[in-house]
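# Working through the structure, step by step
What follows is each chain in one-letter form.
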Amino acid sequence: MTYTLLSLSKILGPTMVPQRTAPDVSRLALDEPATAAMTDFTRECPVTVSPDRHIGEALQDMMRAGVRALLVLDEGRALGLITSDDIQGERPIVFLQSPACVQDRCEHHEVRVADIMTPVEQLPVLDLRIVQSACVGDLVETFKTSDHTHLVVTETQHNGAHRARGLISRSWLERQLGTARDAVSSKWA
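The following paragraphs examine the structure supplied in this document. (Residues numbered from 1 in each chain as written. Predicted model: local features only at pLDDT ≥ 70, side-chain atom pairs only at ≥ 80, totals over all residues. Heavy atoms only, no water.)

### Comments concerning the sheet that holds strand β8 (residues 162–169)
Across the sheet, which stays open at both edges, the four strands sit in the order β1-β8-β7-β6 with mixed pairing between neighbours. Unpaired on one side and paired on the other, β1 (38–40) and β6 (125–127) mark the two borders of the sheet. Looking at each pair of strands side by side, their axes are set apart by 35° on average, direction ignored. In the sheet, β1 pairs with β8 via three bridges, with the strands oriented antiparallel. Directly across from D40, in β8, lies its bridge partner G166. (Pairing = 2+ DSSP bridges. Helix = DSSP H or I, 4+ residues; strand = E, 2+ residues; numbered from the N terminus. Axes fitted to C-alpha atoms, helices over the stretch in contact; angles between N-to-C directions.)

### Observations concerning unusual backbone geometry
Phi angles above zero are rare outside glycine, and E75 is one such case at about 55°. Positionally, E75 belongs in the loop between β3 (69–74) and β4 (77–83).

### Considering helix α7 (residues 136–144)
Three- or four-residue spacings in an α-helix give side chains the same orientation, since the helix completes a turn every 3.6 residues. Those residues of α7 that fall on the buried side of the exposure criterion are V136, G137, L139, V140 and F143. Considered in projection along α7, the buried side chains sweep an arc of 155° and stay on one side of the axis. (Buried < 20%, exposed > 50% of the residue type's maximum accessible area, 1.4 Å probe, protein only. Arc of directions from axis to C-beta.)

### Focus: the pattern of salt bridges
For the coordinates displayed, the defined rule picks out ten salt bridges. Across the pair E57 and R53 runs a salt bridge, and its minimum N-O distance is 3.6 Å. For R53, a relative accessible area of 30% puts it in the partly exposed group. Among the charged side chains, a salt-bridge network with shared partners connects D40, R43, E155, R163 and R165. (Salt bridge = Lys/Arg side-chain N within 4 Å of Asp/Glu carboxyl O.)

### Observations regarding the pairing of β8
Taken together, the seven bridges between strand β7 (residues 150–156) and β8 define a ladder with antiparallel strand orientation. The residue bridging E155 from the neighbouring strand is R163, located in β8. Taking the residues between adjacent antiparallel strands as the criterion, β7 and β8 are bridged by five residues, where G160 takes a positive phi near 95°.

### Things to note about the layout of surface pockets
Its volume calculated, the second largest pocket comes out at about 510 Å³. What lines the second largest pocket is a set of 19 residues, among which A78, V120, H162, R163 and A164 lie closest to the centre. When residues of the lining of the second largest pocket are traced back to their parent elements, those giving at least two are β3, β4, β7 and β8. It is β8 that contributes the most residues to the lining of the second largest pocket, four residues altogether. (1 Å grid on protein atoms, 1.4 Å probe; cavity = no way out; pocket = protein on both sides within 12 Å on 5 of 7 lines; lining within 4 Å. Points joined across faces, edges and corners; volume = space filled by probe spheres on them.)

### Focus on helix α8 (residues 170–177)
Burial within α8 is extensive, with seven of its eight residues counted as buried. Those residues of α8 lying buried are R170, S171, W172, L173, E174, Q176 and L177. A positive phi of about 70° marks G178, the residue just after α8.

### Examining the sheet that holds β4
Consider a sheet: its strands pair through backbone hydrogen bonds, and that pairing is either parallel or antiparallel. The strand order across the open sheet formed by four strands is β2-β3-β4-β5, and the pairing between neighbours is mixed. The open sheet has two edge strands with one neighbour each: β2 (48–49) and β5 (118–119). By the bridge criterion, six bridges tie β3 to β4 in an arrangement that is antiparallel. Bridge assignment links A69 to a residue of β4, and that residue is T83. The strands touched by helix α1 (residues 55–65) within the sheet are β2, β3 and β4, with β3 carrying the most contacts at an inclination of about 120°. (Contact = heavy atoms within 4.5 Å.)

Put into structure tokens, the structure is as follows:
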């Protein structure tokens, strides 16, 4: 096979980088497959953050990416999840008042993702097989019984290990269903 030399050029000014866009999905119906409401990590890379990142920077990352949650990764392993609600809510204040901070006299700008994230062991998880056999209405019922903003979808590997396969967002589901918050959640009812 013969290969061709490609012509190189120079950029003459600032260059834009494409932003992550929301999938172009029409409104969901309650009887559609639940997988239609899942961000599938085999098709779309998760938006991630390091556990050492400051929470203010993590919030900026969320705004740039157009998401409300970041998967916390360290060396390719999921450690937890942090949401915009975590950052903007009471968690930073609770951490600053904790014994770990009172001794060291922490300040808000020093709070890191690892300090307030929800550890992977405490995340609400759905198995991929359950999601594949469920419908959107089942997700609505699941969200109604909890105050969780996101559900992590996992897949069991052949060796028994779990892999984060996707994420289901309550607010994205609400927008796609065209419903008010109280229609998907008992939290605001």
